[in-house]
Amino acid sequence: MTATGEDDTPLIHEFKNHLSVIIGFCDLLLRDLPEGDPKRADILEMRRAGQAAIALLPKLSERPR
Amino acid sequence: MADSAPRLLVVDDDPGMLALVSRFAEGEGFEVISRPGGQSLLTELPVLRPEVVLLDRNMPELGGLDILRVIRDADPECQVILMTADATVESAIEAVKLGALDYLTKPLDFVRLGELFSTVRFGIARRQRLLAADTELAGRFEFCGMVGRSPVMQELFDFIRRLAPHARTALVSGETGTGKELVARALHKLGPRRDRRFVAFNCSAVVETLFESELFGHTRGAFTGAVEAKAGLFETADGGTLFLDEIGELPLQVQAKLLRVIEYGEVQRVGANEGKRVDVRAIAATNRRLAEEVAAGRFRQDLYYRLNVVEIALAPLRERRDDIPYLTAAFIKEFAKRFEKPLAGLSPGAERLLHDAPWPGNIRELRNVLERACMLSEGRILSEREVLAALGGGQRPAPSVVKPAAADVTATEEPELDRRQIEQALQKVGGNRSAAAKLLGVSRRALYRRLDTFGLR
């Protein structure tokens, strides 16, 4: 709950879902690509960013408006 | 079928998640169906018949836990994995308590999911292997259409094998559905008369006044209605075997005549002066205790002694429950083939139900139950629910809209049967519906319709 009394958990939940899809497809691509494939590094970057975004989500809910 | 892919249902309101899981599961060898959730899914579930379900916990219309409850209720064998974006310890415990296989958090850990898939696949394969093994064993323990691994059955088979070349008469006793006719056929098939006729006659299916003419034949004009001369079953079976089922139903005066034919090998048509020599092996069967019938004066003692020179007593199924898995395997194989269904096994729950049922109608009842369960089944594994429904203890499906119309038709076409008549008939034949239909003089379909009407099915 936020200070305004609005429950924004559903929104954060939505965000996490979308990010999970992004990360999930990164994982699938990584499974398919052989070790040493130059694209792997790019995908790992995408994945890392997605994970970072997820890590930020709890802070989002604590942020006063 | 062992080689077809197990079916996975993915439910999530996020299309991206559905695409993701589908992609992964297809790579793992599953047939994947994906749905966005909602009430409509509940009606679709019985049709989809998934073996595994991956469920999103938080969905707007209908939550994953509610769907999990429905699935666990409908098909306890179906494995359910929940997934959620925000897992708490409490919700995980709740899910596992409800019978979920696991509770995964998003983003999904594909290594973990892959392991779960292996567990599920392994479970399915194990069930299929078990049935395959039982089918194979059933084949090995099969003897002239009978399946029995238990010592009493092995002894029986051995007894029949030794007896078949010699016995001129035999009495097969056993409860209804224990396979008395199969024993008679085995005696015939393994005996010296195997190339001659095997004639079966059910003494309970004949009007009392017609016994004599059925068994011994009659001359032209022997009685009103005897327009043509007719050979009796003894003449028809000359050189072969005559199987007299339900011998206890035979009227006393016919018993006397029967004894003479068996003793002297001479049969006299009704209305004829001369006898005719016949060479018939007579095998009688009964589900009554003939000794008691004799004591009560309902069965001739001399005929009883003539018949029970060789008596083969068949054990009721409840006394040889160890054979149930093999019988089950043999019947499932038979019906899967007949109904062209991919059935390859049954769930542990279904197996337990079959093992523990009282089986008053014995193997015939087991066979009928499995026939119905196989007919109902939509999956590869016969479920507890399907077996329960076939046993008659399951929840009845809601009456369909076509029923009243069908009932109207039956009312005009078929004799009205009240509930009591049907129950009595069923009881008399040990629950065998075809036999009950015959007894009541209606078609089997008609009987089923009546059973539906009375909710007896």
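All values reported here derive from a predicted model rather than from experimental measurement. Chains are numbered independently. Their residues run from 1 in the order of the written sequence. As a convention, the first chain written is A and the first ligand written is 1, with the rest following in written order. The predicted nature of this model means local features are confined to residues of pLDDT at least 70 and side-chain atom pairs, given and counted, to a pLDDT of 80 or more, with totals for whole chains, interfaces and linings taken over all residues.

A. Expanded view of the overall build of chain B. Put simply, DSSP H or I for four residues or longer makes a helix, DSSP E for two residues or longer makes a strand, and each gets a number counted from the N terminus. On a plain count of helices and strands, chain B comes out with 20 helices and 18 strands. Each of the 457 residues in chain B was classed as buried or not, and the buried ones make up 39%. Contact definition: two residues whose C-beta atoms, as placed from backbone geometry, lie within 7 Å. Excluding contacts between residues fewer than 6 apart, the proportion of contacts in chain B whose partners are at least 24 apart in sequence is 72%. Using C-beta atoms placed from the backbone, we call a residue buried if 20 or more other C-beta atoms fall within 10 Å of its own, exposed if 12 or fewer do, and partly exposed for counts in between.

B. Just the interface of chain A and chain B, in detail. Between chain A and chain B, the residue contacts involve eleven residues of the former and 13 residues of the latter. Under the scheme applied, nonpolar residues are Ala, Val, Leu, Ile, Met, Phe, Trp, Tyr, Cys and Pro; charged residues are Asp, Glu, Lys and Arg; polar residues are all the others, including Gly. Here the residues of the side of chain A that touches chain B are counted per class, giving four nonpolar, five polar and two charged.

C. Expanded view of the pairing of strand β15 (residues 281-286) of chain B. Residue and element names in this part refer to chain B. Within β15, six of the six residues are buried, which leaves it mostly tucked inside the rest of the structure. Residues Arg281, Ile283 and Ala285 of β15 are buried on one face, and the alternating residues Ala282, Ala284 and Thr286, pointing to the opposite face, are buried as well. Direction of pairing for strand β8 (residues 169-173) relative to β15: parallel, over a ladder of five bridges. Counterpart to Ala170 in the pairing with β15 is Ile283. Here, a strand pair is defined by DSSP locating no fewer than two bridges between the strands. With four bridges joining them, strand β12 (residues 241-245) and β15 adopt parallel strand pairing. Counterpart to Thr241 in the pairing with β15 is Arg281.

D. Main features of the pairing of β12(B). Residue and element names in this part refer to chain B. With respect to burial, β12 is a largely interior element, five of its five residues being buried. Burial along β12 is two-sided: the residues Thr241, Phe243 and Asp245 and Leu242 and Leu244 are all buried. Where strand β9 (residues 198-202) lies against β12, five bridges are found, and the strand directions are parallel. Bridge pairing in β12 places Val199 opposite Leu242.

E. The confidence of the model for chain B, seen in detail. In the predicted model, chain B carries a mean pLDDT of 85, and 91% of its residues have values of at least 70. Predicted complex metrics record ipTM = 0.82 and pTM = 0.64. Per-residue confidence from the predictor is reported as pLDDT, a score between 0 and 100.

F. Local environment of the sheet that holds strand β5 (residues 102-105) of chain B. Residue and element names in this part refer to chain B. Spatial ordering of the open sheet is given by β2-β1-β3-β4-β5, a layout of five strands whose pairing is parallel. For this open sheet the edge positions go to β2 (31-35) and β5, each flanked by a neighbour on one side alone. Across the sheet, the axes of successive neighbouring strands diverge by a mean angle of 20 degrees, strand direction being ignored. In this structure, strand β3 (residues 52-56) lies alongside strand β4 (residues 79-84), joined through five bridges in parallel fashion. By the bridge assignment for β4, Leu55 is matched with Leu82. All axes here are fitted lines through C-alpha atoms, helices being fitted over the stretch that makes contact, and every angle between N-to-C directions spans 0 to 180 degrees. Contacts between helix α5 (residues 110-140) and the sheet are confined to β3, β4 and β5, with β5 contributing the most and set at about 160 degrees to the helix.

G. Layout of the sheet that holds β8(B). Residues and elements named next belong to chain B. Spatially, the five strands line up as an open sheet ordered β9-β12-β15-β8-β16, and their pairing is parallel. With one partner strand each, in any of the chains shown, β9 and β16 (311-313) form the two edges of the open sheet. For this sheet, the mean inter-axis angle between neighbouring strands, taken without regard to orientation, is 20 degrees. Bridge count between β8 and β16: three bridges; the pairing is parallel. Residue pairing across strands places Ser173 opposite Ala313, the latter belonging to β16.

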